Amino acid sequence: MTTPDEAGTKAIARDNASRSSSRDEEMGILTPVENNQLKKSLKNRHLQMIAMGGAIGAGLFIGSGAALSAGGPGSVLICYTLIGIMMLFTCQALAELSVVYPSNGAFFEHCLRFLDPTWGFAIGWGYALTWLIILPFELIAASITIQFWNDTINMGVWVTVFLVVLAFIQIFGVRGYGEVECVLSIIKIIACSGFIILGIVINTGAVGRQGYLGGEYWSDPGAFRNGFEGFASVFVIASFSFGGTELAGLAAAESENPEKSVPKACKQVFWRISFFYILNLFIMGLILPSDDPRLLGSEGANSKASPFVLAIQDAGIKVLPHIMNGVITIAVISVANSSSFGFTRTVQAMAQVGMAPTYLAKIDKQGRPMRCTIVLLLFALIAYVGLAPNDAGMKLFDWLLAVTGVTYFFIWGSICLAHIRFRKAMEVQGLSLDLVPYKPSGGVWGSWIALIFNGVCLAAAFYVCAKPKPGATAAETAEKFFKGYLAAPVMFVLWLGWKVKTGEWRLQTPLHAIDLKTDAKFRDPVNFEPEEKNPLRKRMLGAFF
């Protein structure tokens, strides 16, 4: 005999199934396939470390040198702070959406639901292609860092070693990813903390041959370099350095308790920005001059040109440059590990709704999307092509990386816009925000600020890519532009292609038609007591701690 509670549960299930089927038909996608579920194996400490160390990589340890050379320490401090604020609001918007809708695919599915299925398709494939292309590049990058110690062994050997290690980690599924990121993130955090202390010691003249430096390098060669172009260049470099910050939201579907762990992890962005990025870069600008010619090689994985390594070498410390290079190697491996997580979860979620080959939707009994993992590892073999002589292989990688160029700006902007439309749809459909388990203190205004910042980033990137170099030919200028901005037309082609396929030409899903209830983890409206509104001071502190 069916009890009233069981009957009610079945009715809700039928309603959700009907609503989900209707939404699928509207989006022009296949009905989600029957499948095993991803394992909810990520604990709170895993998400904390993913958030704290997820974006601390070559962008900080090496790419910051190019930023220092391009715009000077003043530009570095201002731009990284502004981008940090943008990412703080973006991650908090993602946290709210991920707590209510902790689905595999995260912002891909948020775009499907709150923006437009076609834009969701473009965002999903743009994000997946970014991680797919980054993996072989990071394998090469990790191999290049080894040359700091030994350049007699062929880099192909190290590519093989790192690829085998990465494949081994995949055996353990999301728990393996979480544990590895925990260890690697702790090492990176310790290194960043140590450099801050060391930098202060070097600046005061207690170590090294330079004597007391103080703010000397802010006066000569100066706080700013190369005018507006230099500032815009740093703005773009800073933006790319934060790639991977959104992974904590992507991990919500595999978290044991996303309602508590995801908001807390995303709040850690504040610490990462203020402590690891801004403070490290401020110290670096005090102990290394921005006109140092060695910084001109600080791109890719050339750890010999890392501003951190250079500053330590200039201080005459013998062992620490090797330790810092080891940290850089670990940071690059961490990005490779993250690429496997970002690609496999996004593609599996897309395959689940027919926006990628349905063959890739399969999740095994251990909760691993192994078919997606195999595709990723097979594509990673292209790393050997990048080792071709005369830089022929790296020229191919330059164009592959161009496909990923400004993709992150579209992704982060879409997260913010999805959050804005979620809040607006709640209002239009008469649902109280008290049902939402987590609401960032910045609210919808934080998302508007971050959305505008993403637009500014796109404009700055366009300016930097389109501005001809002195003496450059038209062909060289065109090549420079498309290598930096190719991702924008690629996103447009993806969007237009799905529009043509589905024949659905509306630009966005109407607010009243947005499905807010299917798979939503709202608070219980019956037993829920509205929380008291804290004073503004507490709410502002709550955004960070």
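Residues numbered from 1 in each chain as written. Predicted model: local features only at pLDDT ≥ 70, side-chain atom pairs only at ≥ 80, totals over all residues. Heavy atoms only, no water.

Novice: Hey, could you run me through the environment of Ala58 in this one?
Specialist: Checked against the element boundaries, Ala58 lands in helix α3 (residues 58–61). As for Ala58 and Glu138, which are separated by 80 residues in sequence, their C-alpha atoms are 9.6 Å apart. (Helix = DSSP H or I, 4+ residues; strand = E, 2+ residues; numbered from the N terminus.)

Novice: Would you take a moment to explain the packing of helix α7 (residues 155–170) against helix α14 (residues 320–352) for this structure?
Specialist: Packed helices, taken two at a time, are described by the angle between their axes plus the distance between the axes. Where α7 meets α14, the axes come as close as 11 Å, and the angle between the chain directions of the two elements is 50°. When the axes of α7 and α14 are compared, the pair comes out oblique. Considering how the two elements wind past one another, α7 and α14 form a crossing that is right-handed. When α7 is examined against α14, the residues Phe162, Leu166, Ile169 and Gln170 are found in contact with a partner set consisting of Thr329, Ile333, Ala336, Asn337 and Ser340. (Axes fitted to C-alpha atoms, helices over the stretch in contact; angles between N-to-C directions. Parallel < 35°, antiparallel > 145°, perpendicular 65-115°, else oblique. Left-handed = near helix turned anticlockwise from the far one by under 90°. Contact = heavy atoms within 4.5 Å.)

Novice: What's the story with the environment of Lys39 in this structure? I'm lost.
Specialist: Position of Lys39 among the secondary structure elements: in the loop between α1 (4–27) and α2 (44–53). Residue class for Lys39 comes out partly exposed when judged on its relative accessible area of 38%. Each C-alpha atom of the pair Lys39 and Gly367 lies 4.9 Å from the other, and the pair is 328 residues apart in sequence. When residues no more than four places from it in sequence are discounted, the contact partners of Lys39 are Val174, Glu254, Lys365, Gln366 and Gly367. (Buried < 20%, exposed > 50% of the residue type's maximum accessible area, 1.4 Å probe, protein only.)

Novice: What's the story with the packing of helix α17 (residues 407–428) against helix α18 (residues 443–466) in this structure? I'm lost.
Specialist: Between α17 and α18, whose axes approach to 9 Å, the crossing angle comes to 155°. Comparing the axis directions of α17 and α18 gives the class roughly antiparallel. Relative to α18, α17 is oriented so that their crossing is left-handed. In contact with Tyr408, Phe409, Phe410, Trp412, Gly413, Cys416, Leu417, His419, Ile420 and Arg423 of α17, α18 contributes Gly443, Val444, Ser447, Trp448, Ala450, Leu451, Asn454, Cys457, Leu458 and Ala461. In terms of residue class, the contact of α17 with α18 is made up of 14 nonpolar, 5 polar and 1 charged. (Nonpolar A, V, L, I, M, F, W, Y, C, P; charged D, E, K, R; others polar.)

Novice: Where do I start with the environment of Ile62 in this structure?
Specialist: Here Ile62 is to be found in the loop between α3 and α4 (63–100). Classification of Ile62 as buried rests on a relative accessible area of 0%. Taking the C-alpha atoms as reference points, Ile62 and Ile328, 266 residues apart in sequence, are found 8.2 Å from one another.

Novice: Would you explain the side chain of Ser334 in this entry?
Specialist: Mapping Ser334 onto the fold places it in helix α14. There is a polar contact of 3.0 Å between the side chain of Ser334 and the side chain of Glu181. Once you skip the residues sitting within four places of it in the chain, Ser334 turns out to touch Glu181, Leu184 and Lys188. (Polar contact = N/O pair within 3.5 Å; in protein donor to acceptor, adjacent residues only side chain to side chain.)

Novice: Just checking my understanding: could you explain α4 for this structure?
Specialist: Between its first and last C-alpha atoms α4 spans 36 Å; for 38 residues at 1.5 Å apiece the expected length is 56 Å, and the helix comes up short by more than 12%. Along its length, α4 reaches its greatest deviation from straightness, about 115°, at Gly71, and the proline Pro73 lies no more than four positions downstream. Counted residue by residue, α4 has 32 buried out of 38 residues, so it is predominantly covered. (Expected span 1.5 Å × (residues − 1). Bend = angle between axes of the 7 residues up to and from the residue.)

Novice: I would appreciate a short explanation of the pattern of salt bridges in the present structure.
Specialist: Summed over the entire model, instances satisfying the criterion amount to 8 salt bridges. Between Asp116 and Lys499 there is a salt bridge, with the nearest N and O atoms lying 3.3 Å from each other. One end of the pair, Asp116, is in the loop between α5 (107–114) and α6 (117–146); the other, Lys499, is in helix α20 (residues 487–502), with 383 residues separating them in the sequence. Among the residues examined, Asp116 registers a relative accessible area of 1% and is labelled buried. For Lys499, a relative accessible area of 0% gives the class buried. A salt bridge links Arg294 to Asp292; its shortest N-O distance comes to 2.6 Å. (Salt bridge = Lys/Arg side-chain N within 4 Å of Asp/Glu carboxyl O.)

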